[in-house]
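If you want the building blocks of each chain, they are given just below.
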There are 2 protein chains.
Amino acid sequence: MKKLMNDPSKAVGEAMEGLQLAYPDKLTYTPDLEIITRKEKGDKVAVISGGGAGHEPLHAGYVGIGMLDAAIAGNVFSSPSPDRITEAIRQVNKGKGVLMVVKNYSGDIMNFGFSAELAEMDDVEVETVVVKDDVAVPDSTYSTGRRGIAGTVFVHKIAGAKAEQGAALKEVKQAAEHAIANIRSVGMAMSSCTLPSVGKPGFEMADNEIEIGMGIHGEPGVGRSEIKPAKELAKDLLERILKDYDYSESEVAVMVNGLGATPLMELYIMNREVQNLLKDREIKVYKTFVGNFCTSLDMAGCSLTLMKLDDELKELLDAPCDTPALKILDK
Amino acid sequence: MKKLMNDPSKAVGEAMEGLQLAYPDKLTYTPDLEIITRKEKGDKVAVISGGGAGHEPLHAGYVGIGMLDAAIAGNVFSSPSPDRITEAIRQVNKGKGVLMVVKNYSGDIMNFGFSAELAEMDDVEVETVVVKDDVAVPDSTYSTGRRGIAGTVFVHKIAGAKAEQGAALKEVKQAAEHAIANIRSVGMAMSSCTLPSVGKPGFEMADNEIEIGMGIHGEPGVGRSEIKPAKELAKDLLERILKDYDYSESEVAVMVNGLGATPLMELYIMNREVQNLLKDREIKVYKTFVGNFCTSLDMAGCSLTLMKLDDELKELLDAPCDTPALKILDK
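On a predicted model such as this, the values are computed, not experimentally measured, just so you know.

Novice: Would you take a moment to explain empty space enclosed by the protein for this structure?
Specialist: Which parts of space are left empty comes out when a probe the size of a water molecule is rolled across the atoms. The tally for this structure, following the rule as stated, stands at five cavities of 30 Å³ or more. Of the pockets and cavities examined, the largest cavity occupies roughly 60 Å³. Along its surface, the largest cavity is lined by 13 residues, and A:Met16, A:His59, A:Ala60, A:Ile72 and A:Ala73 are the ones closest to its centre. Secondary-structure elements contributing two or more residues to the lining of the largest cavity are β3 (46–53) and β4 (70–76) of chain A. Split by residue class, the lining of the largest cavity holds eight nonpolar, three polar and two charged. Taken as a whole, the second largest cavity spans an internal volume of roughly 50 Å³. Around the second largest cavity, the lining residues are B:Met16, B:Gly51, B:Gly52, B:Ala53, B:Glu56, B:Leu58, B:His59, B:Ala60, B:Ala71, B:Ile72 and B:Ala73. Taken together, the elements giving at least two residues each to the lining of the second largest cavity come down to β3 (46–53) and β4 (70–76) of chain B.

Novice: I'm lost on the packing of helix α4 (residues 152–164) of chain A against helix α8 (residues 311–318) of chain A in this one. Help?
Specialist: Residue and element names in this part refer to chain A. Following both chains from N to C, one finds α4 and α8 inclined at 90°, their axes separated by 8 Å at the closest point. As summarised for this structure, α4 and α8 are arranged roughly perpendicular, according to the angle between their axes. Listed contacts from α8 to Phe-154, Lys-157, Ile-158, Ala-161 and Lys-162 of α4 are Glu-312, Leu-313, Leu-316 and Leu-317. Residues belonging to the contact of α4 with α8 are distributed by class as follows: six nonpolar, no polar and three charged.

Novice: How should I be thinking about the packing of α4(A) against helix α5 (residues 169–181) of chain A in this particular structure?
Specialist: The axes of two packed helices give the description: the angle between them and the distance between them. Residue and element names in this part refer to chain A. Contact geometry for α4 and α5: axes closest at 9 Å, N-to-C directions at 155°. With respect to each other, α4 and α5 are oriented roughly antiparallel. For α4 against α5, the interelement crossing comes out right-handed. In this structure, α4 uses Val-155, Ile-158, Ala-159, Lys-162 and Ala-163 to contact α5, whose residues at the interface are Glu-171, Val-172, Ala-175, Ala-176, Ala-179 and Ile-180. When grouped by side-chain class, the residues that make up the contact of α4 with α5 number nine nonpolar, no polar and two charged.

Novice: I would appreciate a short explanation of the environment of B:Thr152 in the present structure.
Specialist: Residue and element names in this part refer to chain B. One can find Thr-152 in helix α4 (residues 152–164). Remark: the alpha-carbon pair of Thr-152 and Leu-58, spanning 94 residues in sequence, is separated by 8.6 Å. Apart from residues lying up to four places away in sequence, Thr-152 is in contact with Leu-58, Val-101, Lys-103, Val-131 and Asp-133. Here the side chain of Thr-152 touches Ile-149 through a polar contact of 2.6 Å, landing on its backbone oxygen.

Novice: How should the sheet that holds strand β5 (residues 98–103) of chain A be read in this particular structure?
Specialist: Each strand in a sheet pairs with another by means of backbone hydrogen bonds, the pair being arranged parallel or else antiparallel. Residues and elements named next belong to chain A. Taken together, the six strands give an open sheet; going across it, the order is β1-β2-β4-β3-β5-β6, and neighbouring strands pair in mixed fashion. The sheet terminates laterally at β1 (27–30) and β6 (126–131), the two strands that pair on one side only. For this sheet, the mean inter-axis angle between neighbouring strands, taken without regard to orientation, is 20°. In this sheet, strand β2 (residues 35–38) lies alongside β1 in antiparallel orientation, the contact comprising four bridges. Bridge assignment links Thr-28 to a residue of β2, and that residue is Thr-37. Sitting on the sheet, helix α2 (residues 82–92) touches β1, β2, β3, β4, β5 and β6, and the angle it makes with β4 is about 165°.

Novice: So what exactly am I meant to see when it comes to the environment of A:Ile36 here?
Specialist: Residues and elements named next belong to chain A. Tracing the sequence through the fold places Ile-36 in strand β2. Residue classification places Ile-36 among the buried residues on the basis of a relative accessible area of 0%. Taking the C-alpha atoms as reference points, Ile-36 and Pro-8, separated by 28 residues in sequence, lie 20 Å from one another. Among residues more than four places away in sequence, those in contact with Ile-36 are Met-16, Gln-20, Leu-27, Thr-28, Tyr-29, Ala-60, Val-63, Asp-69, Ala-70 and Ala-71.

Novice: I would appreciate a short explanation of the domain arrangement of chain A in the present structure.
Specialist: Residue and element names in this part refer to chain A. According to the domain assignment, chain A contains domain 1 (11–181) and domain 2 (183–323). Distance from the C-alpha centre of domain 1 to the C-alpha centre of domain 2: 22 Å. Between domain 1 and domain 2, the residue contacts involve 44 residues of the former and 46 residues of the latter. Here domain 1 packs against domain 2, burying approximately 3,600 Å² in sum over the two surfaces, 64% of which is carbon and sulfur. Considering only the side of domain 1, the residues that lose the most area to domain 2 are Phe-77, Val-135 and Phe-154, jointly responsible for 18% of the buried surface there. Taken together, the connections running from domain 1 to domain 2 amount to three salt bridges. For Lys-162, the salt bridge identified is with Glu-312, shortest N-O distance 3.3 Å. Mapped onto the side of domain 1 that touches domain 2, the elements with two or more residues apiece are α4 and α5.

Novice: Please clarify how the packing of aromatic side chains should be interpreted in this entry.
Specialist: For any two aromatic rings, the description comes down to two numbers: the centre-to-centre distance and the angle of the planes. In this structure the tally under the stated criterion is six aromatic pairs over all chains. Between A:Tyr245 and A:Tyr247, the aromatic rings sit 4.4 Å apart at their centres with planes inclined by 45°, giving tilted as the arrangement. A:Tyr247 carries the same exposure label as A:Tyr245, and that label is buried. Aromatic pair B:Phe154 and B:Phe289: ring centres 5.5 Å apart, planes at 70°, arrangement edge-to-face. With B:Phe154 in helix α4 and B:Phe289 in strand β11 (residues 284–291), this residue pair connects regions lying 135 residues apart in the sequence.

Novice: How should I be thinking about the interface of chain B and chain A in this particular structure?
Specialist: You'll often see interface size given as the accessible area lost when the parts meet. Facing 61 residues of chain B, the contacting portion of chain A comprises 61 residues. For the pair chain B and chain A, the summed buried area comes to about 4,800 Å², and 64% of that belongs to carbon and sulfur atoms. Sorting the residues of chain B by area buried against chain A places B:Lys2, B:Leu4 and B:Met265 first, and these three jointly supply 20% of that buried surface. The salt bridge partner of A:Arg272 is B:Glu14, with a shortest N-O separation of 3.6 Å. Here chain B and chain A share 20 residue pairs in polar contact (both at pLDDT 80 or more) between them. Of all the secondary structure elements, the ones that give two or more residues to the side of chain B that touches chain A are α1 (11–22), β8 (209–212), α6 (230–244), α7 (264–280), β11, β13 (321–322) and β14 (327–328) of chain B. Broken down by element, the residue count for the side of chain B that touches chain A peaks at twelve residues, all from α7(B).

Novice: Even after reading the chapter, I still don't get the pattern of salt bridges, so can you show me in this structure?
Specialist: Any two side chains of opposite charge can pair if their charged atoms end up close together. Residue and element names in this part refer to chain B. Counted according to the given criterion, the structure contains 56 salt bridges over all chains. Two residues, Arg-240 and Asp-236, come together in a salt bridge whose shortest N-O distance is 2.6 Å. In this pair, Arg-240 and Asp-236 are both assigned in helix α6, four residues apart and thus about one turn of the helix distant. Classification of Asp-236 as buried rests on a relative accessible area of 15%. The salt bridge involving Glu-251 is made with Lys-314; its shortest N-O contact spans 2.5 Å. Remark: Lys-314 occurs in helix α8 (residues 311–318) and Glu-251 occurs in strand β10 (residues 251–258); sequence separation between them is 63 residues.

Novice: Just to check I follow, could you spell out the layout of surface pockets for this structure?
Specialist: Taken as a whole, the second largest pocket encloses approximately 1,500 Å³ of empty space. Surrounding the second largest pocket, 42 residues form its lining, A:Ser191, A:Asp298, B:Ser191, B:Ala261 and B:Asp298 being those nearest its centre. Of the residues that constitute the lining of the second largest pocket, the class distribution is 18 nonpolar, ten polar and 14 charged.

Parameters and conventions
Residues numbered from 1 in each chain as written. Chains lettered and ligands numbered in written order. Predicted model: local features only at pLDDT ≥ 70, side-chain atom pairs only at ≥ 80, totals over all residues. Heavy atoms only, no water. 1 Å grid on protein atoms, 1.4 Å probe; cavity = no way out; pocket = protein on both sides within 12 Å on 5 of 7 lines; lining within 4 Å. Points joined across faces, edges and corners; volume = space filled by probe spheres on them. Helix = DSSP H or I, 4+ residues; strand = E, 2+ residues; numbered from the N terminus. Nonpolar A, V, L, I, M, F, W, Y, C, P; charged D, E, K, R; others polar. Axes fitted to C-alpha atoms, helices over the stretch in contact; angles between N-to-C directions. Parallel < 35°, antiparallel > 145°, perpendicular 65-115°, else oblique. Contact = heavy atoms within 4.5 Å. Left-handed = near helix turned anticlockwise from the far one by under 90°. Polar contact = N/O pair within 3.5 Å; in protein donor to acceptor, adjacent residues only side chain to side chain. Pairing = 2+ DSSP bridges. Buried < 20%, exposed > 50% of the residue type's maximum accessible area, 1.4 Å probe, protein only. Domains from an automatic or database assignment. Buried area = accessible area lost by both parts, 1.4 Å probe. Salt bridge = Lys/Arg side-chain N within 4 Å of Asp/Glu carboxyl O. Phe/Tyr/Trp six-rings, centres within 6.5 Å; stacked < 30°, edge-to-face > 60°.

As C-alpha cells, then:
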C-alpha cells in the first residue's frame, strides 16, 4: 500500500490534527475523539455533522463561519461512537439548540440518534436531518433506504447559513429539510479504494470497467459497464437524477464532485458535458461547484448533484462562508 | 485508459471550457486558443501565466480578482504556442503593461519569450519572471536549471495582489521576484501519470516504490526508494529545502500540495508532520495551504513549498482574492 501515512490505525486522528494545524486560528481539535470545532463560536444554533472518515474534506473541511460548528470523524468508513458525538454537542451548544446533519447509513443513524437522546436527557435541544440524496439504488449495503452522498455539502451550506442568520433551531431544521427535499445525486466509480487498515483495494475492476451508482464506501451500484465518453457518462448520471426528480424549468445549483483520485482536468470536462446537457433541457444553472467535496479515499470517479433553488435557498447558498474546503466571499 | 474524457486530443479545450462554464460571470474562454481571462478587468498592470496543461488548477484556476488576468494552456505537458500567448497579452493589456509568470521549462521560456518580443514590437510593455523553485535537481529533462513547480501559485498570488493595488509594472515584477527569491519546493511521487494521448502510464513504479524529487511531468528526481512513513517523507522533503535555503528564525507560508490522485486525508497527515517539524526547528508558520494546487494529471504524491515572508509579502499574501482554486476573504 502506497499511502502518505504513518500508522494506518492512527491515520484519522493524524489527518484531523493535520487539518487543524493548517488553520490554528480558526479550528480546534480534540485528540482521540477526532472532533474539529470552530474557534469563534457564534451565539446561535449550532450545526454539526460527521460520519466515517475517508470522505475528506467531508465533514471537518466544512467547519467554519457559515457552515458547520463541529464535525466528528469515526474510523475510516465507520460511524463515530456516541461518546464522540455527545462531546461535540457539549462543545458547541450555546443554549440555542443543535442541528445534526446525518447521512443515511445505519451506523450513523444509530449513533447520532443515541447521542441526541443523551443530549436531550441533559436538556440540550437537538434536532436531526437525514440526507439521502443518492438515487442509484433504493436500499444499500449499509443503509435502509437511499444513501447520503455529496449532496450533504449543500445541506451543510444551507443549514449553516440559516443558523448564522440567527434563526431558531426549528427554522434551521426546516431550511435543511427544504434543501434535502430538492437535492438529488448519483455517482460513478472507475476504481476501488484502499482502506488503510486493509492495505489493498476492496475489490478489482477491469481496465475498461466502471460502475454507475457505486456508493462512497464501494457499495454496489446498478452494475458494471465499459468506460464511455464523458458526454455519455454525464448523460447517464443526469438522466438518473431527472428520472427521479423533475428539475424542468428550475434554477439549480450543480456539483461535479471528484471521489479522491480523479484530477480536476477530468472534472472540468464532466462539468462541460453536464452544463451543455442542462442547457439543452432548459434547466437554468445558478451556481456550480467543481472539485473534491465528498471523496472515497483514493477512489477514481465522480458524482453529480443538483439542488433546485428558490429565493430562500439562493440567499442561503450565496451567504458568505469561510471553511477550509468551501469559501464564499461576500458580494 | 479510464479517464473522464471524450476525445483525448480535445481534452484540454474541453476542460478549459468546463472550467469557464462553472464561472460564467467571472471568466471568459477563447476556444481553440485555450485562453481563460477575467471578465472584470481592472485598469491595472495585467498578470498572466500559462504552460502545458495537466497541472490543473494551475494555471487557469487562478484567474480572477487578486491573482491572474489570463492563463494560457498548451497541450498536456507542452508549452502553449506564441500565438496563444500573444493573443492573451492582447486581451488583457490595459496600457499599463503585462507581467508574465513563467515556469522554467525550455519550451515555456522560448514561447513566452518570443511572445514578449512580438508584444514589444506592438509597444506593449512586457516583463517576465521565471519560477524555478524545485530544489530536487540542478538541471532536468525539459529545463536548463531548476524546474518551476507548485511555488508558482505563491508567485501568482503575490504578483496578482501587487497589481491589484495599482502598482506599476516594475513594482509588480519586483514583488514577484522578491517572492521567487524566497520560495523553495520539492516533491515526491508514488505513481506515474497517464497522458491522455498515450493512454498508459509513462513508466512503471513498483508496489512499494516512490521517487523523491520527481518532476511534475514525471522527469527523474534524485532516485527511487521504498515508501516510508509520512513522518520520514516529510523530514526528507523539508531537509532538502532547508539545505538549500536558510529559513531559520523566519516566518513562512507553507504549501502541502497534492499531485492529482492523492486524497486530502493523506495531505492532511503530511501537513501534520511538516508543521511538527517546522515547530521543532522554530520556523514560524504564518499561513498554510493544503490541497491540490499544482498537479501532474493522475500522479499520486505530493510536494512541499515554503516561502519566507516579510511584511510586504505577508500583506500581499493576505490580500483578498477570488479565483476558482484559491479564495482569500477580506479580513
